[in-house]
Amino acid sequence: MIKRLFLGALLALSMTMPAYAAKNVVPMSQGLHEWQTSSGKLILVVGSYQDVTSFHRSYSFYFKTNGDQDWNQVPLMPKNSGMEFTWESASGGDVLLADGIVVSRQEGTYFVVASRNSDKGYSAAGAANATWYQFVETDGSDPGQPAYSLQPVFTRPYGKVKNGVEEILAKEALLKPAR
């Protein structure tokens, strides 16, 4: 009997731990965040703006190679558009419509952006998705491309969701991008 209670409690705890850990990273806090890569340091500066009608966060990435003092701005390279040097979250009313987190994995560092459509108003359900952008260092063979960038590698659709994107980001923090 005690063994069954212990195993039940252990199972319940193990099921809640990943969700709790993921919720701690959503949303990212204001300030400076950094990740070490094999060739240098990637940093993210998160700032926020709030007034009586709106709230949003801005995300700017920078990279410094080992042994160098220069910080290079790292643009986000969305498909079918140019470079974005600062990415901003979006909200409507009390609903967070778009936000992002950084997920560091053994195979690389990713910026994960979740967004939800609001065509029919903030309180109506809208199609949502999460897009993974991987931090990439180029070999310098194409002078038209930045040396460091966040390139899209995968988008996961979520169908229609009614709430904000916080739960999507919490789930994505535990997953990997599919290829």
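This section reports on the structure supplied with the text. Every value quoted in this text rests on a predicted model; they were computed, and no experiment measured them. Residue positions are counted from 1 within each chain, in the order its sequence is given. With pLDDT at 70 or above as the cut-off, local features in this predicted model cover only qualifying residues; side-chain atom pairs require 80 or more to be listed or tallied, and sums for whole chains, interfaces and linings still use all residues. Values reported for side chains reflect all heavy atoms of the structure, with hydrogen atoms and water molecules removed beforehand.

Here we take up the overall build of the chain. Each helix is a run of H or I in the DSSP string that is no shorter than four residues. Each strand is a run of E no shorter than two, and both are numbered from the N terminus. Along its length, the chain carries 2 helices and 10 strands. Starting at the N terminus and walking to the C terminus, you meet the elements of the chain as α-β-β-β-β-β-β-β-β-β-β-α. Considering the chain as a whole, with its 179 residues, one finds that 37% of them fall into the buried category. For this analysis, residues touch if any pair of their heavy atoms sits within 4.5 Å. In the chain, the share of contacts with a sequence separation of at least 24, taken over all contacts with a separation of at least 6, comes to 51%. Burial classes follow relative accessibility: with a 1.4 Å probe on protein chains only, a residue under 20% of its type's maximum area counts as buried, one over 50% as exposed, and anything between as partly exposed.

Another aspect to go through is the environment of Asp68. With respect to the secondary-structure elements, Asp68 resides in the loop between strand S3 (55–65) and strand S4 (72–74). Residue Asp68 is classed as partly exposed on the basis of its relative accessible area of 28%. As a C-alpha pair, Asp68 and Gly40 span 28 residues in sequence and 8.8 Å in three-dimensional space. Within the local environment of Asp68, its side chain forms a polar contact with the backbone nitrogen of Asp70, the two atoms lying 3.2 Å apart. Under this definition, polar contacts are N or O atom pairs within 3.5 Å; protein pairs additionally need one hydrogen-donor-capable and one acceptor-capable atom, and for neighbouring residues in sequence, both atoms have to be side-chain atoms.

This part is about the pairing of strand S7 (residues 95–105). Counting buried positions along S7 yields 9 of 11 residues, so the element is predominantly enclosed. For strand S6 (residues 90–92) and S7, the ladder comprises 3 bridges, and the chain directions are antiparallel. When the sheet's bridge partners are listed, Ser91 is paired in S7 with Leu96. A pair of strands counts as paired when DSSP detects no fewer than two bridges linking them. Between the end of S6 and the start of S7, which pair antiparallel, lie 2 residues, with Gly93 showing a positive phi angle near 60°. As paired strands, S7 and strand S8 (residues 108–116) are joined by 8 bridges and run antiparallel to one another. Counterpart to Ala98 in the pairing with S8 is Ser115. Here S7 hands over to S8 after 2 residues, the two strands then running antiparallel side by side.

What follows is about empty space enclosed by the protein. A 1.4 Å probe that fits but cannot get out identifies a cavity on a 1 Å grid over protein atoms alone, an open set with protein on both sides within 12 Å along at least five of seven lines counts as a pocket, and a residue lines either if it has an atom within 4 Å of a point. Grid points are joined across faces, edges and corners, and a volume is the space filled by probe spheres set on the points. Tallied over the full model, the rule gives 1 cavity of 30 Å³ or more. In terms of lining, the largest cavity is formed by Tyr59, Phe61, Val74, Pro75, Leu76, Glu84, Phe85, Thr86, Trp87, Phe111 and Leu150.

Function cannot be read off these values alone, since they describe shape.
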